[in-house]
Amino acid sequence: MEAVFTVNNLWILVATVLVFVMHLGFAMLEAGFVQRKNVVNILFKNAMIISIGLLTYYLVGFQLMYPPDEGLIANIMGYFAPFDWSGGAISNYGEAAADGTAYTGYSDFIFQGMFAATCATIVSGAVAERIKLVPFLVFASIFVAIIYPIIGMWGWGGGWLADLDFKDFAGSSLVHAAGGFAALAAVLLLGPRRGKYRKDGGTTAMPGHSMPLAAMGVFLLWFGWFGFNGGSVLSADPNAVSLVFVTTSLAAAAGAIGAFIMSYALFKTYDLSMVLNGILGGLVGITASADVVTGNSAIAIGFIAGLIIPLSIVAFDKYLKIDDPVGATSVHGVCGIWGTIAVGIFGIGDFSLGTQIMGTLAIGGFAFIASFTIMGIIKAVVGIRVSETEEIKGLDVGEHDMHAYSLKEDGVFQLTAE
Amino acid sequence: MKKIEAIIRLSRFELIREALAEIDVRFFTLSEVKGFGLQRGETLTYRGSVYDADYIARLQLDILCPDEKVSDIVDAIVSAGRTGKVGDGKITIIDVDQVIRIRNSETDESALS
């Protein structure tokens, strides 16, 4: 049994590393989708969020999300306390495995901590190119420390959604819709980028500065998703983990096809940025149900998510005039809701469509209201938006006194040997 | 002495360079330039929004030469650079007062080659 424990624990740690790589994926995707004058700023935010996320999750998040006791207060609020170090190690691996424990307390913490930080990273892309750095980091800290753990506890920590048999395998709602709706609240308070919506009613295209970076980011996210979903099996169970690998990848692939077809139908061109978002939409969509659907269902879920992506992005961008440079509200918010509802449609087992709809709306609604409140207070107290001059010059120079790409590359300033 | 400034298409650069080499133009200055005007750049789309590339990209050649060589150079650039469509560019010929080579202070005709 000791060997079983070792294998299970090792898989959770491998999955942790894969989820960590998703932070690189998010960083590259967001860097690629912003203008070149704001690249340092978006990378700075990404570097800070993983760091703040892990620390706050250690200090309060983990215990809040997985309260040790049952009871009314724990069921709604959890407990404010640091990660219990004494609960980290396992004394007898064989006995633990026989009891059904698959990993150490340390593994549990670090795997869940990587998840928590991804949730806040979702927000950073949507508010890119115009939010002040420090107020955003204050928001992200509160979000990872308190809002995400409360939501997570509802579904995974023995909270009220768990009691209702709400199914969200790896977090279509608990992670992605929560992040997506927090992003929506932040964008509404922040307003669009300067010049995005013209006085004549038209929408100005603000092309991302590097499609290669964006593509690399999406491939890294797909890579990391094997750990995000595969690790959420919470053991190295051969059937379950390999099933999840298959459903996750089929949904991502179908998401690409769905977005390819729909974006061509809408724009009459092959828009790479839409296909990249479609892959992510498929991945977010399958995340709630990856362990309880067949391959056919996974393809259907991913394909529909892919069809949703261009429609949703255009609806937000052109008609609702909500400016989200990376499409986080569509990818994580809308596809997160779709994926959660899809459990009630495609899931093999006893899942209630009503509970799924109610659960995802409660999660999205709570994330939206809580984020709107916190960001609203920060906006009222210190302001959240950079000055007009800084936005035009770019946040790289404005906030960091630095260029992502040295001006020397532009030729005139290049000094060569002769 | 004249200075010939020629704005040309990127796609015609190689042909023009060969044509100039054939008439023994040994050196010219090359710059990447951008033009703005009524004619717009290519139409692009990004996430469903259509936009024009803001500018038209061209190259500029600056050639210094003695007066008698001007017509050869102009003929070479025109014949190699012409496609017949709008946007083939322009050649400007400017009088030059003085030329000084920095390396050895040679002046005028002897500084040209």
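Treat the numbers as computed from the prediction; the structure is a model and nothing was measured.

Visitor: What exactly am I supposed to notice about the overall build of chain B here?
Guide: Helix and strand counts for chain B come out as three helices and six strands. Seen in sequence order, chain B has helices and strands lined up from the N terminus as β-α-β-β-β-β-α-β-α. Based on the C-alpha atoms only, the size of chain B along its principal axes is roughly 60 × 30 × 20 Å. Counting over 113 residues, chain B shows a buried share of 15%. Within chain B, contacts between residues separated by at least 24 positions form 71% of all contacts whose residues are at least 6 apart in sequence.

Visitor: It is not clear to me how the sheet that holds strand S2 (residues 29-35) of chain B should be interpreted in this structure. Could you clarify?
Guide: What links the strands of a sheet is backbone hydrogen bonding, and the strands pair in either a parallel or an antiparallel sense. All names here are of chain B. In space, the four strands of this open sheet follow the order S2-S5-S1-S6, with antiparallel pairing throughout. Since the sheet does not close on itself, it has two edges, and those belong to S2 and strand S6 (91-95), each with one partner. The sheet shows a mean angle of 25° between the axes of neighbouring strands, direction not considered. As defined by bridge partners, strand S1 (residues 2-8) adjoins S6 across five bridges and the pair is classed as antiparallel. Considered in S6, the bridge of Ile4 is made with Ile93. With respect to the sheet, helix H2 (residues 70-81) is in contact with S1, strand S5 (56-65) and S6, its orientation differing from that of S1 by roughly 5°.

Visitor: Where do I start with unusual backbone geometry in this structure?
Guide: Trans is the prevailing form of peptide bonds, just as negative phi is the prevailing case for residues other than glycine. All names here are of chain A. Of note in this structure, Glu129 is not a glycine but carries a positive phi near 75°. Within the secondary structure layout, Glu129 lies in the loop between helix H5 (105-126) and helix H6 (133-156). When the 22 C-beta atoms within 10 Å are taken as the criterion, Glu129 is described as buried. Positive phi values are uncommon outside glycine, yet Asp165 reaches one of about 60°. With respect to the helices and strands, the residue Asp165 is situated in the loop between helix H7 (160-163) and helix H8 (172-190).

Conventions we followed
- Residues numbered from 1 in each chain as written.
- Chains lettered and ligands numbered in written order.
- Predicted model: local features only at pLDDT ≥ 70, side-chain atom pairs only at ≥ 80, totals over all residues.
- Helix = DSSP H or I, 4+ residues; strand = E, 2+ residues; numbered from the N terminus.
- Buried ≥ 20, exposed ≤ 12 C-beta atoms within 10 Å, placed from the backbone.
- Contact = placed C-beta atoms within 7 Å.
- Pairing = 2+ DSSP bridges.
- Axes fitted to C-alpha atoms, helices over the stretch in contact; angles between N-to-C directions.

Worth remembering: the numbers are spatial, not functional.
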